[in-house]
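Coordinate analysis (summary)
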Amino acid sequence: MRPDAVVASLRDAILTGVLPPGDAVTEALVSESYRVARPTARIAIDRLVADGLLEREPHHAARVRRLGRDDLVDLFAARAAVESAAVELLAGTAAVPDAASAAHERLSALDADASYWAIDIAFHRALVQGSPSTRLPRLHDQLMGEIELAIAQVDAHRLRSTREVVAEHGRILDAVAAGDTALAEHLTRSHILASRDRLLAHYDAHLETLHER
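Our subject in this report is the structure included herewith. Every value quoted in this text rests on a predicted model; they were computed, and no experiment measured them.

**Topic: the overall build of the protein chain**
Helix and strand content of the protein chain: nine helices and three strands. Scanning the protein chain from its N terminus toward the C terminus, one meets helices and strands in the order α-β-α-α-β-β-α-α-α-α-α-α. The C-alpha radius of gyration of the protein chain comes to 18 Å, within 12% of the 17 Å expected for a compact globule of 213 residues. Referenced to the eigenvectors of the C-alpha coordinate spread, the extents of the protein chain come out at roughly 55 × 45 × 35 Å.

**A word on the sheet that holds strand 3 (residues 62-64)**
Pairing is antiparallel across the open sheet formed by three strands, whose spatial order is 1-3-2. In the strand order of this sheet, the two ends are held by strand 1 (24-25) and strand 2 (54-55), each with one partner. In this sheet, strand 3 lies alongside strand 1 in antiparallel orientation, the contact comprising two bridges. Within strand 3, the position partnered with alanine 24 by the bridge is arginine 63.

**A few points about the nonpolar core**
In terms of nonpolar packing, the biggest core is built from 63 residues, with Leu10, Ile14, Val25, Val30, Leu54 and Leu127 touching the most fellow members. Not counting the four nearest positions on each side in its chain, valine 25 is found in contact with Leu10, Leu19, Val30, Ile45, Leu54, Ala62, Arg63 and Val64.

**Some points on empty space enclosed by the protein**
Scanning the entire structure with this criterion turns up one cavity of 30 Å³ or more. Put simply, the largest cavity is a space of about 90 Å³. In terms of lining residues, the largest cavity is bounded by 13 residues, among which Arg79, Asp120, Ile151, Val154 and Ser195 are the most central.

**Observations concerning the pattern of salt bridges**
Under the definition given, this model contains 17 salt bridges. A salt bridge links glutamate 148 to arginine 125; its shortest N-O distance comes to 3.5 Å. Residue glutamate 148 is located in helix 7 (residues 136-156), and its partner arginine 125 is located in helix 6 (residues 117-129); the two are separated by 23 residues in the primary sequence. One salt-bridge network, held together by shared partners, links Arg11, Asp51, Arg125, Asp141 and Glu148.

**Concerning the layout of surface pockets**
Size it by volume and the largest pocket reaches roughly 570 Å³. Forming the boundary of the largest pocket are 25 residues, of which Pro21, Arg66, Gln153, His157 and His202 lie nearest the centre. Sorting the residues of the lining of the largest pocket by element identifies helix 1 (3-15), helix 7 and helix 9 (181-212) as the ones contributing at least two each.

Analysis parameters
- Residues numbered from 1 in each chain as written.
- Predicted model: local features only at pLDDT ≥ 70, side-chain atom pairs only at ≥ 80, totals over all residues.
- Heavy atoms only, no water.
- Helix = DSSP H or I, 4+ residues; strand = E, 2+ residues; numbered from the N terminus.
- Rg over C-alpha atoms; globule rule 2.2 N^0.38 Å.
- Pairing = 2+ DSSP bridges.
- Core = buried A, V, L, I, M, F, W, Y, C linked by side-chain atoms within 4.5 Å.
- Buried < 20%, exposed > 50% of the residue type's maximum accessible area, 1.4 Å probe, protein only.
- Contact = heavy atoms within 4.5 Å.
- 1 Å grid on protein atoms, 1.4 Å probe; cavity = no way out; pocket = protein on both sides within 12 Å on 5 of 7 lines; lining within 4 Å.
- Points joined across faces, edges and corners; volume = space filled by probe spheres on them.
- Salt bridge = Lys/Arg side-chain N within 4 Å of Asp/Glu carboxyl O.

Function cannot be inferred from these measures alone, as they are strictly geometric.
Structure representation (structure tokens):
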């Protein structure tokens, strides 16, 4: 198995919760699980550390990144800034990227209770990559690992319904197609921050439950 395939499988295991936050991901574990050599396992782990899905302290094994409350606040602020700016520029062209339209169609076809995080990620990535900026996509790529973790959590805890997400995505695409830069920017920012607010409320409620035990 090539390193890219190991990375893809580990990424899926992390985002689906098979490897939950805080779990150690060692070279030995990866090597044994995927029947690859230690150097291949090391490459895969290093890639996921660079992508922000794993974190590693010196002389310690890599672990699945755990996003705390401050992390979530900071991450969503950065994400909203980058994505809303990219979509505003995209709306200035009045051209909807084909990849964004395709992701929207796939999401619209899902059952109401189906997991949607992978398509949601593809939709947002397509919007940013489709913008005329050369730098905003690079900034977005640097955040994508943590963004994926956050979106997967919103989906896993069913904090937003598939239909709700589809409706908001549709309004964003309509604003882009109409060339309404201000509305496209506003809708994108509101969409992202709504997910942030739901996730923070869930995080706070979970902490309260732990304190009550």
